Each structure stands twice: as C-alpha cells, then as structure tokens.
Amino acid sequence: MRNTRSWLAAVAALAVVATGCDNDDAPDAKKVADVAARRSAEAMRGVSASMRTASGLSSLKGLEDALARFGAGFEGVPLPQLPAGQEGATLEGVFDEEETDVQAERLEKYLRERVFTEANVESTDGNSTLFRLAGEQVCTDGWGTADAGCVRFVDESQLRIRATSLGDDSLELELLIGAKRADPLALRFLPKDVSVVVDLGGLKGAAEQLDPQMAALLPSVMTGQVELKVTKAGEAHWVVSGSVLEALRLELPLEGGTFAFSAARAAPLVELETDGGANRARFALDLSTTEVRVPYTGQVSALRGKDWTVSLSGLSYSVDVTEGQKDFSVTHVGLGAGQSYVGLGADKLVTLDLNAQSGRHFDLTLTQDADGLPLVKVQPGFDLLTRFYLAPLQADPSLEIPAAYADATYRVRLSGGEGGPSLRAAPANEATGFQGGLEVVTGELQLSAGDAQVVVSAGQCLVAGASIPEESSLLSYLRQGSCE
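The paragraphs below set out a description of the structure included in this document. Please read these numbers as outputs of a predicted model, since none were measured by experiment.

### Observations regarding the packing of helix α2 (residues 29-56) against helix α5 (residues 97-115)
Two quantities define a packed helix pair, namely the angle between the axes and the distance from one axis to the other. Relative to each other, α2 and α5 sit at 165°, their axes nearing to 9 Å. Classified by the angle between their axes, α2 and α5 sit roughly antiparallel to one another. The two elements α2 and α5 cross, and the hand of that crossing is right-handed. Contact residues: A33, D34, A36, A37, R38, S40, A41, M44, R45, S48 and R52 in α2; E97, T100, D101, Q103, A104, E105, L107, E108, L111 and R112 in α5. Partitioning the contact of α2 with α5 into residue classes produces eight nonpolar, four polar and nine charged.

Here's what the structure looks like:
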C-alpha cells in the first residue's frame, strides 16, 4: 500500500511539473518579433501619453502659482527664496502624439524586419532562442546605407540577444556582449509591465571586452542594478517608475584616496502615475540611504588621509493632482529613517534630524484662506534639528569658519494648533512700511540656537531682525513682529 501511495505521489508531482513547464519550447523568431515590437511600441506610446496628461493638467499651474504667491511673502525675511518657475516648452509639446506614433511605428518595423528575424537566429536551447546581430542589418533602418564604423563595432562586439519565454506572451530579452557574453541589460515583457534592467557589473564586464583601455577609466568597483518600468494599469492609465533593484556601489581611485558612491535599494525610487480618463497625475520620490565619500585634498597634514562624507538617510514625498483641484497635499515628506550628515573622517560636521520624535515624516496641505492667500498646514508638525560642529576644520587656515558655527545647535519647530500648525506668507504693505513676513495662523513657531530663542505665536509674524551683529548666529537675523 505504501509503494502504491509513493507511486501515485510521484505521478502527481510529474503532472504538476509537466503542467508548469509547457513553455519549454523556444520561442520562434516571429513570436519574439511580435511581442518585442508590439509591446515596445505600446510602452513608448504609454510614456508619451503619461507626459502629455501630466503636462496638460491646469491644476499644476495652480499649484505653481500658489507656491509663487507663498514665496512672495518671504521678501521681508532673510531666507533663501523659493525657486521660480521657468517658461519653456511643455512636456505636452515635447511628447507630441503624432510624432510618437511615427517613432513607435518605425521601432516596430525595425525590430520585426532587422533584429528578430529567422535569418538572425543562431541557436535554440530549452525555452530560449539566441539571435546574433549583424552590423549590416542593425546599423540601418533600411532607408540608407549602414555606417561602416557602426557595422565594424557591432560585428567586433559579437552582439547577441537571448530571448527566453516566460509563458504566454511574456518574454525576457538579454543583451549579450563579446565572446564571454557579458549581460549588462535585460528587457522584460510581462502581462502589464515592460521593464529595462541595467546591471552595472555586467556593464563593466562588457566594457572590458570591447575596449580594455577605456574600461580602465571606469570605476574599479561597479555593482548594483537599476530598472526603468512602464506599467499599463488600465485604459489611459499608466505608471512609469525607476528603481534601484540592487544596492549601487561605485569606487574610483583618486590621488590621496578613493571616490565612493553608494545607494541602497529603492523600489520604486521615483514613480509617475497618470490617468488620462480621470485627468489625474501622481508623482512620488522615495530615495533610500545614499552616500558620497571624497578624500580630503588640502595641505594640512592632520587632516590628510581623511574622507569627506555626505550621507543622506533618504528623501521622500508624494503629490497627487487632479484637474480642477484647488487644495493640494504633499504626503510622506521626509529625510529618511535616520540622521543625515556631512562629515570629515570620524567627525560629523553637520547633522540633520527631521521629526525624530514623530516618525521622521510629515504631511503638508496647501489651501487658500478666506482672503485667497495660500495657507500651509503641517501634520503632525515640523521639527528640524541641525547641529554644526565645524571646529575640526579650523585646522585648515584656507577654510574660513565663523565662530558661531564652530559648535552650535539650531532647531526649527512648528507645532500645536487644532488639526495641526499652519502658516501663510504675509505680503509687504507699502502703506504701513511692513516689509513682509511669515505669519503663524495656528500653533506656534519656535527657533532656537543654544540658549537663544525666537518664538512666534499665532497671529504674529516671523520678520527680519532689527540689527545684525557681525559675529552672530542665524537666529540674530530673525524676530517676532506684527504682520501689518
């Protein structure tokens, strides 16, 4: 009886395996050409439609105007101005629908007639078909003579594409370069997604085969994977995203040390979602820990051998805009899950902590008050703690370090108020001589530097200080005052 059960279990297992492996046949050239051409053209049109939808939303112009009006109120406060918008070509014009259709049709024709053809099939293996690319074919679209330099490069590079069936109309295309077949790039066609994945290690391997001298100029360490993906979420509904699939690391030897860049996995890193039917667009950024390290190159022996480090714990926000919208929300604004800093060697020279006691993020709402002026509300609040410890830099006489920043801690805190604190820009008033400021509508604004403090209560404004001593902290530039 036990042997019978074992036999039945084996038969059942084989049946499951057989059912799941009905895609073992290698895809023929026609199927590869059809999937690659059709889905690539569809993705191109999707990206173009997304950009036109986002650019065409008049609500975005309304958001830009509201921010400009809010920034105008800072004229009387000695703080950096908000960036002004620039006139220029809109994305709607850049991604012209008719021009996109022409380019998409050319791409389809090129892939069908010059890349994924029966004549280019080199071999098949399991569920994969290998295409060998010839310069005479891929270096021209058929309307002109192939460039001799391009033909020579393609042929010498031994370019191949391995097409692997992933079931139904799903397909993966891997670009193989050189005799060792380095694989720096993969193009994947899944039921709803088209994605391009670039592997930095494969890119370095390909460069070493193609031109060892040029490859020697590349970073000595190149690892990680990045992805660009286009998703069709519905009719006229697209999501375009970029991700760091595997942590990035680049290292390049320099005189006196090594330049290093690293970025943790972030999937997605950036995302643009548009729905043409609903006239809606959403943009989100979610950068993970990112760090840059550069050797100190000054002349002070005590600092030689140390590295400058800029470490950003993260950066995130998300904004959703719908046509006709007048109130806007920017959510999940933050600088990552930890402390960001600038350092030299083991010393942290500048540190940043945002909302360390309240989840390290906040949401921001931009509305209009009864007077039509932009009103900014923050939830749960805003608390930025910055410490300057620049004393180690005083060892280098070429660096001018103000005494106020040798060792100082600054804090900006906006808190309290029913439903969260809020503020608005108070415009200048020529009749009263008021130069403009930042009005606290609800809650309280606190600015501190060591023992010094400026507190702005509800109904009052943050304005420029009456006098500014030469050796002073940033707080000396500011005070509480009337908004009239």
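### Considerations on the side chain of S241
Relative to the assigned elements, S241 resides in strand β8 (residues 237-254). Accessibility expressed as a relative area gives 6% for S241, which makes it buried. Apart from the residues lying within four places of it in its own chain, the contact partners of S241 are E227, L228, K229, P268, V270 and E271.

### Focus on the packing of aromatic side chains
Inspection of every chain in the model, using the stated rule, returns five aromatic pairs. Relative to F131, the ring of F116 lies with its centre 5.2 Å away and its plane at 85°, an arrangement referred to as edge-to-face. A residue pair is termed long-range when its members are at least 10 positions apart, and F116 in the loop between α5 and β1 (121-125) and F131 in strand β2 (residues 128-132) qualify at 15 residues. For F116, a relative accessible area of 4% puts it in the buried group. Looking at F131, the relative accessible area reads 0%, which means it is buried. Here F362 and F382 contribute two aromatic rings whose centre-to-centre distance is 5.5 Å and whose plane-to-plane angle is 80°, an arrangement assigned as edge-to-face. Pair noted here: F362 is in strand β18 (residues 361-368) and F382 is in strand β20 (residues 382-388), with a separation of 20 residues, a long-range link. By relative accessible area, which is 22% here, F382 ends up partly exposed.

### Digging into the pattern of salt bridges
Following the criterion strictly, the structure yields 24 salt bridges and no others. Notably, a salt bridge pairs E273 with R280, separated by 3.4 Å at the nearest N-O pair. What makes E273 buried here is its relative accessible area of 11%. Overlapping salt bridges, with partners in common, bring together D34, R38, E108, R112 and D169 in one network.

The rules we used
Residues numbered from 1 in each chain as written. Predicted model: local features only at pLDDT ≥ 70, side-chain atom pairs only at ≥ 80, totals over all residues. Heavy atoms only, no water. Axes fitted to C-alpha atoms, helices over the stretch in contact; angles between N-to-C directions. Helix = DSSP H or I, 4+ residues; strand = E, 2+ residues; numbered from the N terminus. Parallel < 35°, antiparallel > 145°, perpendicular 65-115°, else oblique. Left-handed = near helix turned anticlockwise from the far one by under 90°. Contact = heavy atoms within 4.5 Å. Nonpolar A, V, L, I, M, F, W, Y, C, P; charged D, E, K, R; others polar. Buried < 20%, exposed > 50% of the residue type's maximum accessible area, 1.4 Å probe, protein only. Phe/Tyr/Trp six-rings, centres within 6.5 Å; stacked < 30°, edge-to-face > 60°. Salt bridge = Lys/Arg side-chain N within 4 Å of Asp/Glu carboxyl O.

None of the figures reported here should be taken as evidence of function without further support.
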